4 protein chains.
Amino acid sequence: MTTTTERPLTRRQRWEQRTNLPLMVLAIAFLLIYAWRVLDTRASPTLDITLIWADVAIWAAFAVDFAVRLYLSTDRGRFVRKHPLDLLVVLVPPFRPLRLLRVALLLLDSLNRATKPRTRLMTFVATSSLLILLLCSLAFFDAEYGAPDSKIKSFADALWWSAVSVTTVGYGDVYPVTPEGRLVSLVLMTLGIGLISFAIGTMTSWVVEQLKTVDEAADRTERTLAELVEEVRSLRAEVAELTTDRETRGG
Amino acid sequence: MTTTTERPLTRRQRWEQRTNLPLMVLAIAFLLIYAWRVLDTRASPTLDITLIWADVAIWAAFAVDFAVRLYLSTDRGRFVRKHPLDLLVVLVPPFRPLRLLRVALLLLDSLNRATKPRTRLMTFVATSSLLILLLCSLAFFDAEYGAPDSKIKSFADALWWSAVSVTTVGYGDVYPVTPEGRLVSLVLMTLGIGLISFAIGTMTSWVVEQLKTVDEAADRTERTLAELVEEVRSLRAEVAELTTDRETRGG
Amino acid sequence: MTTTTERPLTRRQRWEQRTNLPLMVLAIAFLLIYAWRVLDTRASPTLDITLIWADVAIWAAFAVDFAVRLYLSTDRGRFVRKHPLDLLVVLVPPFRPLRLLRVALLLLDSLNRATKPRTRLMTFVATSSLLILLLCSLAFFDAEYGAPDSKIKSFADALWWSAVSVTTVGYGDVYPVTPEGRLVSLVLMTLGIGLISFAIGTMTSWVVEQLKTVDEAADRTERTLAELVEEVRSLRAEVAELTTDRETRGG
Amino acid sequence: MTTTTERPLTRRQRWEQRTNLPLMVLAIAFLLIYAWRVLDTRASPTLDITLIWADVAIWAAFAVDFAVRLYLSTDRGRFVRKHPLDLLVVLVPPFRPLRLLRVALLLLDSLNRATKPRTRLMTFVATSSLLILLLCSLAFFDAEYGAPDSKIKSFADALWWSAVSVTTVGYGDVYPVTPEGRLVSLVLMTLGIGLISFAIGTMTSWVVEQLKTVDEAADRTERTLAELVEEVRSLRAEVAELTTDRETRGG
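Residues numbered from 1 in each chain as written. Chains lettered and ligands numbered in written order. Predicted model: local features only at pLDDT ≥ 70, side-chain atom pairs only at ≥ 80, totals over all residues. Heavy atoms only, no water.

An unreviewed UniProt entry lists chain A under the name Two pore domain potassium channel family protein, with Nocardia coubleae as the source organism. Listed in UniProt under the heading Subcellular location (unreviewed entry), the comment for chain A reads: "Membrane". (UniProt positions renumbered as here; feature names shortened; annotations may be inferred.)

**Q** Explanation requested: the overall build of chain A in the structure shown.
**A** Assigned secondary structure in chain A consists of nine helices and zero strands. Starting at the N terminus, the α and β elements of chain A follow one another as α-α-α-α-α-α-α-α-α. Counting the 251 residues in chain A, one finds 41% classified as buried. Contacts in chain A between residues far apart in sequence, at least 24 positions, make up 61% of those at least 6 positions apart. Here chain A has roughly 13,500 Å² of accessible surface; of this, 64% comes from carbon and sulfur atoms. (Helix = DSSP H or I, 4+ residues; strand = E, 2+ residues; numbered from the N terminus. Buried < 20%, exposed > 50% of the residue type's maximum accessible area, 1.4 Å probe, protein only. Contact = heavy atoms within 4.5 Å. Areas by Shrake-Rupley, 256 points an atom, 1.4 Å probe, with all protein chains shown as cover.)

**Q** Explain the nonpolar core here, please?
**A** One recurring pattern in soluble globular proteins is that nonpolar side chains are buried together. In this structure, Tyr171(A), Tyr171(B), Tyr171(C), Trp161(D) and Tyr171(D) are the most contacted members of the largest nonpolar core, which totals 159 residues. Formed by 12 residues, the second largest nonpolar core is a distinct cluster that contains Ile196(A), Ile200(B), Ile196(C) and Ile193(D). (Core = buried A, V, L, I, M, F, W, Y, C linked by side-chain atoms within 4.5 Å.)

**Q** Explanation requested: the packing of helix α6 (residues 117-144) of chain C against helix α7 (residues 155-166) of chain C in the structure shown.
**A** Each pair of packed helices can be described by the angle between their axes along with the distance between the axes. All names here are of chain C. The N-to-C vectors of α6 and α7 enclose an angle of 125°; their axes lie 9 Å apart at closest approach. In this view, α6 runs oblique relative to α7, as classed from their interaxial angle. As α6 packs across α7, the resulting crossing turns out to be right-handed. In this structure, α6 contributes Leu 133, Leu 134, Cys 136, Ser 137, Leu 138, Phe 140 and Phe 141 to the contact, and α7 contributes Phe 155, Ala 158, Leu 159, Trp 161, Ser 162 and Val 166. (Axes fitted to C-alpha atoms, helices over the stretch in contact; angles between N-to-C directions. Parallel < 35°, antiparallel > 145°, perpendicular 65-115°, else oblique. Left-handed = near helix turned anticlockwise from the far one by under 90°.)

**Q** Explanation requested: the confidence of the model for chain A in the structure shown.
**A** Residues and elements named next belong to chain A. On average, residues of chain A carry a pLDDT of 80, and 78% of them reach 70 or more. Within chain A, no element has a lower average pLDDT than helix α9 (residues 214-250), which sits at 60, and none a higher one than helix α7 (residues 155-166), at 93. Below pLDDT 50 for its whole length, residues 1-5 participates in nine contacts with residues either more than four positions away or in separate chains. The model gives residues 213-218 a pLDDT under 50, and that stretch makes seven contacts with residues more than four places away or in other chains. (pLDDT = per-residue confidence, 0-100.)

**Q** I keep staring at the packing of aromatic side chains and nothing clicks. Help me out?
**A** Aromatic ring pairs are described here by two measures, namely the spacing of the ring centres and the angle between the planes. Here the structure, examined in full by the defined rule, presents 24 aromatic pairs over all chains. When the ring of Phe141(C) is compared with that of Tyr145(C), the centres are 4.7 Å apart and the planes differ by 25°; the resulting orientation is stacked. Among the residues examined, Phe141(C) registers a relative accessible area of 4% and is labelled buried. Accessibility expressed as a relative area gives 36% for Tyr145(C), which makes it partly exposed. Among the aromatic residues, those joined into a cluster by ring pairs are Phe141(A), Tyr145(A) and Phe155(A). (Phe/Tyr/Trp six-rings, centres within 6.5 Å; stacked < 30°, edge-to-face > 60°.)

**Q** I keep staring at the pattern of salt bridges and nothing clicks. Help me out?
**A** Proximity of charged atoms lets side chains of opposite charge pair with each other. Summed over the entire model, instances satisfying the criterion amount to 24 salt bridges over all chains. A salt bridge links Arg12(C) to Glu16(C); the shortest N-O distance between them is 2.7 Å. Taken together, the residues Arg12(C) and Glu16(C), both in helix α1 (residues 11-39) and four residues apart, mark about one turn of the helix. Taking the shortest distance from any N to any O, the salt bridge between Asp86(D) and Arg69(D) comes out at 3.0 Å. Residue Asp86(D) is located in helix α4 (residues 84-91), and its partner Arg69(D) is located in helix α2 (residues 45-72); the two are separated by 17 residues in the primary sequence. Residues joined in a network through salt bridges with shared partners are Arg12(A), Glu16(A), Asp65(A), Arg69(A) and Asp86(A). (Salt bridge = Lys/Arg side-chain N within 4 Å of Asp/Glu carboxyl O.)

**Q** Whenever I open this one, helix α7 (residues 155-166) of chain B confuses me. Can you help?
**A** Owing to its 3.6 residues per turn, the α-helix brings residues three or four apart onto one side. All names here are of chain B. End to end, α7 covers 17 Å across 12 residues, agreeing with the expected 16 Å (1.5 Å per residue, within 8%). Burial runs high along α7: 10 of the 12 residues are buried. Listed as buried for α7 are Phe 155, Asp 157, Ala 158, Trp 160, Trp 161, Ser 162, Ala 163, Val 164, Ser 165 and Val 166. One or two steps after α7, the chain reaches Thr 168, where phi turns positive at roughly 60°. (Expected span 1.5 Å × (residues − 1).)

Below you can see the structure in the form of structure tokens.
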């Protein structure tokens, strides 16, 4: 994630440094184009085709970027093994939205290293979560809108569904009725548990820190150490006595 | 939060100390007026206008308080940056209920510093939670009561909804049907996760304390230390022998 | 909770030791009578009155027990302050089921002190939980059965509702329609969060133990200690050399 | 779980080593046969009987295996006490699916000991969870499909139900209507809490590791140790001085 190191950059690293920002812009453009295609349910065929071509162009840019990075790598097999997500994003269409991870990662990078690790972790998770909620809402709307017996009458319904699902409240006023909608639900519910786990994990570590439970364990160690220090001190005293004694004798 | 320090108080701090109690009383008055306006669905126009004027008066009092504190600050930019919530409460009407945080904070303050940190943390969280549940129920009732297809027939329904939502049970017998109701739900569900996270965090630290898992790690340290103490002891013995030996020779 | 101490027992403690078992039997009898009254929806008036009298008799036994313990206490104010639950159980009828806590406490007591604290904690929580689920199901059935639009057709429905609520799944096929049913739900959902918190707390401490995360911290300590031990060893070697050297010279 | 130890294997261990793989294959065969019987709702009577006989044959194989292991044990009572699950799997038909635990355990075994404990724990839990979800979906489909008012129209519905239940979302679009379905639900919801607890536990330990909260406690220990090291160093210096001093005198 850091782009500046003390060693001179390899050719691939220099390429990545230069393409980082444009690709992030393309990722956001992808999000906007995807949102437009999904939400503009009455788009004219011409507009629809234009949007599809824009989508393909963005895909091509990412594919070229991957190819160049692969070409510039010294160990190509290792590069593929170390960047499976990048390969997935290029080869498997449903994983395209993962491009947006770049946005979250760049945001993480822009945070000063001096920031508390908790703040950095929370910023990363919060950004990723918001992007995921937005994407899942779009995908859910795409799958469910207009389906027979659909509960989704507007994009607001899809956003509401994502909130109700990710918090595991699940009132049941909005739920998927199509196989695609259920798949999106599965992704979101799994992520929901992940996010809640993360929230609880962070909170737990915060509570524990507040309550300073660890102090008690530390106290015990310190007590044993204090005993040991005492032991060494009396040893020093004896040696000092020994020295003095001899000096007296020698004097 | 503490209002007494060893340094002489600044003029702003003296103002805050003197206005703390009246503002808390106003915050509670705001809650009662809000509750009255929301629950008295057949209020006469005259009463309604009176209540609105009372609300405005309370707002004015908080605005004046903020202005005075800003005026008395030595570094006004820093004061605004350090008190964003106070500014929000004055400028953005939907955040008015946050005035009630003063009640929770004062309660926290009144707790003796000698109390266990866990008890103080839990008291603060419990008070805030109850106030939030009450406010969300009122706002939910305000938004949903009388709406077409509304599930809310009485304030008891709103209270029941808040309990079902905050615990993430979500039976689905009561759920929002208006955009405002959904917004209140979002606030409550988010807070619900926060509260559950807190409950679990506190419980986890308690369980860990009970099980004294940390003890085992401490035991390992102690074992190594015991070894070290042994080492030092035998060293002492040698030094002692050395001393005795010499004394014998010297004697 | 321990009934045998090295100090001679006070008169109150001897009373408690002798009445512990009979009261536990009465608590279980109370549960059975309550279950009978609730589930036998077509009981004859005579039977119903008999069961009510049995209930009153059990109440009287607990009241007498509390009075005797209060009388035998040296400091009566302190006794009341230290046993608020016992007072509540006697004075406020809805808290009568708390008598059953005695069963869980006695079970806890019967576990050998040598058992792992985790096992003891889990046994206590599991027993309490099962009793609470049973009691809430009974109370829910009592409140909801026969109510208009009730979702409860049999006691199996009430048990199912308790499981769905305590796990916060909340399908929405069964939910309370009466105020009393909602109150029971609130108790159960609150307990549900408590139980889940406990489960997660225990699991977290277990996972942490398994992963020996603490080991890494311990390793760091050990590394510093190893360094120290090295230091002391070389010191010992020097002292030993010193001794040998002198012996050689002295020899 | 390890099958190779430095001590020569007992006869029972050699038997277990040789039967481990065939029994795992039989366990998977059991899963496939069970799935076939459940999902082929229009199977001819002949096929149905064939599948039942295959099921019985697998049961017989597990029963014979248990009998042989019991026979080869030196202490048979202890063997039964140490392998209650194996006994349950043979004696109580509804516990047959637990045979599949062998698959998860073998998978755990095949993981190199050098793998991080977190990875091994997560692999085991993930495999078990997937098998449990699959089995519960099959059992749920078996119980609910074709029942009056059933919400289950296809196996996809059963899989969807298992996801909605295990995440405790519980929309309420799919829920059990038969006593058998409710029993399966109870198992799944309980496991759901277990899995979520595990996820949260793992996440918590990960967050804590990331935030290096423990470092602070370690730092304190290190500070005391640094002090001690200083103490010992000055002691060494003194001893060294002592030596030099004497050598000078002796020289």
